[in-house]
Amino acid sequence: MNVAYDAGVLVAADRDDREVWADHRIRLELGIVPKTTAPLVAQVSRSARQVQLRRFLRGCEIEAFSPHQAHEVGALIGAAGTSDVVDAHLMIVASKTASTVHTSNLGDLRKLSNHLSSPVLLKRI
């Protein structure tokens, strides 16, 4: 099972949330490399002193926001009636990799998922 992390997971990892770290460790032991996106990392990264966040991200694949995704992200935002480019990019990445998104923000992500050709499963953290 593929997994993608939203900002809430990254923030929880940075705060040393034991449950988030335990789940992450289990995934890695099973050979599951979670995905997140570069815009999400930018959204939560504030300081080089966020050692826990940087350690957590070493176990993740970080997908860049490529130029060819810009129109797709904009179209998804328009269709869903939302405005968060970072969320839309994550949902497109998750859709293309059949990933379940672990999040603390079900509302907007659900709206975005409903407008994808391959809806994304969401799991609240």
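Residues numbered from 1 in each chain as written. Predicted model: local features only at pLDDT ≥ 70, side-chain atom pairs only at ≥ 80, totals over all residues. Heavy atoms only, no water.

Draft legend 1. Inspection of the packing of aromatic side chains at higher detail. The full count for this structure, using the stated rule, is 2 aromatic pairs. By the ring-pair criterion, three or more aromatic residues cluster together here, those being Tyr 5, Trp 21 and Phe 56. Above the plane of the ring of Trp 21 lies Arg 55, whose end atom (NZ or CZ) is 4.2 Å from the centre. (Phe/Tyr/Trp six-rings, centres within 6.5 Å; stacked < 30°, edge-to-face > 60°. Lys NZ or Arg CZ within 6 Å of the ring centre and 35° of its normal.)

Draft legend 2. Just the side chain of His 102, in detail. Examined against the element boundaries, His 102 turns out to sit in strand β4 (residues 99-103). In this structure His 102 comes out as buried when scored by relative accessible area, which is 6%. Apart from residues no more than four positions distant in its own chain, His 102 is found in contact with Val 3, Ala 4, Tyr 5, Asp 6, Val 9, Arg 27, Lys 123 and Ile 125. (Helix = DSSP H or I, 4+ residues; strand = E, 2+ residues; numbered from the N terminus. Buried < 20%, exposed > 50% of the residue type's maximum accessible area, 1.4 Å probe, protein only. Contact = heavy atoms within 4.5 Å.)

Draft legend 3. Spotlight on the nonpolar core. Core analysis: the largest hydrophobic core is formed by 33 residues, its most contacted members being Tyr 5, Leu 10, Phe 56, Leu 76, Met 91, Val 101 and Leu 112. For this core, the secondary structure elements donating two or more residues are β1 (2-5), α1 (7-14), α2 (18-29), α3 (38-44), α4 (51-57), α5 (70-80), α6 (85-96) and α7 (106-113). Top contributing element to this core by residue count: α6, with 6 residues. Non-local contacts of Met 91, meaning those with residues more than four positions away in its chain, are made with Leu 76, Val 101, Leu 109, Leu 112, Ser 113, Leu 116, Val 120 and Leu 122. (Core = buried A, V, L, I, M, F, W, Y, C linked by side-chain atoms within 4.5 Å.)

The values reported here are purely geometric and, on their own, carry no functional implication.
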